[in-house]
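# Coordinate analysis (summary)
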Amino acid sequence: MPQQYDFHEVDARWAEIDDTAHISPMAVIGAPGEWLGKPSIHPVIVRSGAVVREFASVHAGCVRQTIIGEETLVMTGSYIAHDVILGRNVHAAPNATIGGLAEIGDYSRIGLNATVLPHRKIGRNCIIGAGSVVTRDIPDGQVWAGNPATYRKDVDHPVPSA
């Protein structure tokens, strides 16, 4: 397993990183949010067991904390904007982009190179297809894909209990 890095060894400007989280080299945690006229005054919270891979960026919050939930995986090259909340056991595939103030529910999967526009809410146990652009809120337990993303079907496995 790769070496784990302390808060002081990563490019972390404004973050609280759990001791059991793994931050890969070259990940950026807590960079100022990209919201003109709004300073980043809230930290990034990286919870237990979360993994943030190389070249991923997670920005600090402007109006609330940016949260990477327990056991969540943010893969290589992903961009998590300011004030985003990623629930428990979320997977953001390589180069996924999650816009500011978006919320991704527990156990959801965001596909390769998918984009979730700002202020969107994706429910629990959802799947977003590779390359999709999410322009609207998505309820629990659904599969969406395309540009713009549209409903495809319900998820085949049940929503895990909270």
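An account of the accompanying structure is given in this report. Keep in mind the model is a prediction, meaning the values are calculated, not measured.

## A closer look at the sheet that holds strand E11 (residues 85–86)
The parallel open sheet is built from six strands, whose spatial order is E2-E5-E8-E11-E14-E17. Strands with a single pairing partner mark the edges of an open sheet, and in this sheet they are strand E2 (15–17) and strand E17 (121–122). Sheet topology note: the strand E8 (residues 66–68)/E11 ladder contains two bridges and is parallel. Of the residues in E11, the one forming a bridge with Ile68 is Leu86.

## Quick look at the pattern of salt bridges
By the definition in use, this model includes six salt bridges. A salt bridge links Arg64 to Glu103; the shortest N-O distance between them is 3.1 Å. Highlighted residues: Arg64 in the loop between strand E7 (57–59) and E8 and Glu103 in strand E14 (residues 103–104), separated in sequence by 39 residues. Notably, a salt bridge pairs Arg120 with Asp137, separated by 3.3 Å at the nearest N-O pair. Taken together, the positions of Arg120 in the loop between strand E16 (115–116) and E17 and Asp137 in the loop between strand E19 (133–134) and strand E20 (142–145) put the pair 17 residues apart, joining distant regions of the chain.

## Thoughts on the nonpolar core
Soluble globular proteins tend to bury their nonpolar side chains together. In terms of nonpolar packing, the biggest core is built from 35 residues, with Ile29, Val46, Ile110 and Ile122 touching the most fellow members. Sorting the residues of this core by element identifies E2 and strand E5 (44–46) as the ones contributing at least two each.

## Examining the pairing of strand E21 (residues 150–154)
Side chains on a regular strand alternate between the two faces of the sheet. By the bridge criterion, four bridges tie E20 to E21 in an arrangement that is antiparallel. Bridge pairing links Ala145 to Thr150 in E21. Count of turn residues in the E20/E21 antiparallel hairpin: four residues, of which Gly146 carries a positive phi of about 105°.

## Describing unusual backbone geometry
The peptide bond linking Asn147 to Pro148 adopts the cis configuration, its omega dihedral lying at -5°. Counting through the fold element by element, Pro148 comes out in the loop between E20 and E21. Even without a glycine there, the phi angle at Asp83 is positive, about 65°. Here Asp83 shows up in the loop between strand E10 (79–80) and E11. One non-glycine residue, Asn95, lies in positive phi territory at about 65°. Along the polypeptide, Asn95 turns up in the loop between strand E12 (91–92) and strand E13 (97–98). By relative accessible area, which is 41% here, Asn95 ends up partly exposed.

## Topic: the sheet that holds E12
What the eight strands build is an open sheet, ordered E3-E6-E9-E12-E15-E18-E20-E21; its pairing is mixed. In this open sheet, the two strands that pair with only one neighbour each are strand E3 (22–23) and E21.

So, how was this worked out
Residues numbered from 1 in each chain as written. Predicted model: local features only at pLDDT ≥ 70, side-chain atom pairs only at ≥ 80, totals over all residues. Heavy atoms only, no water. Pairing = 2+ DSSP bridges. Helix = DSSP H or I, 4+ residues; strand = E, 2+ residues; numbered from the N terminus. Salt bridge = Lys/Arg side-chain N within 4 Å of Asp/Glu carboxyl O. Core = buried A, V, L, I, M, F, W, Y, C linked by side-chain atoms within 4.5 Å. Buried < 20%, exposed > 50% of the residue type's maximum accessible area, 1.4 Å probe, protein only.

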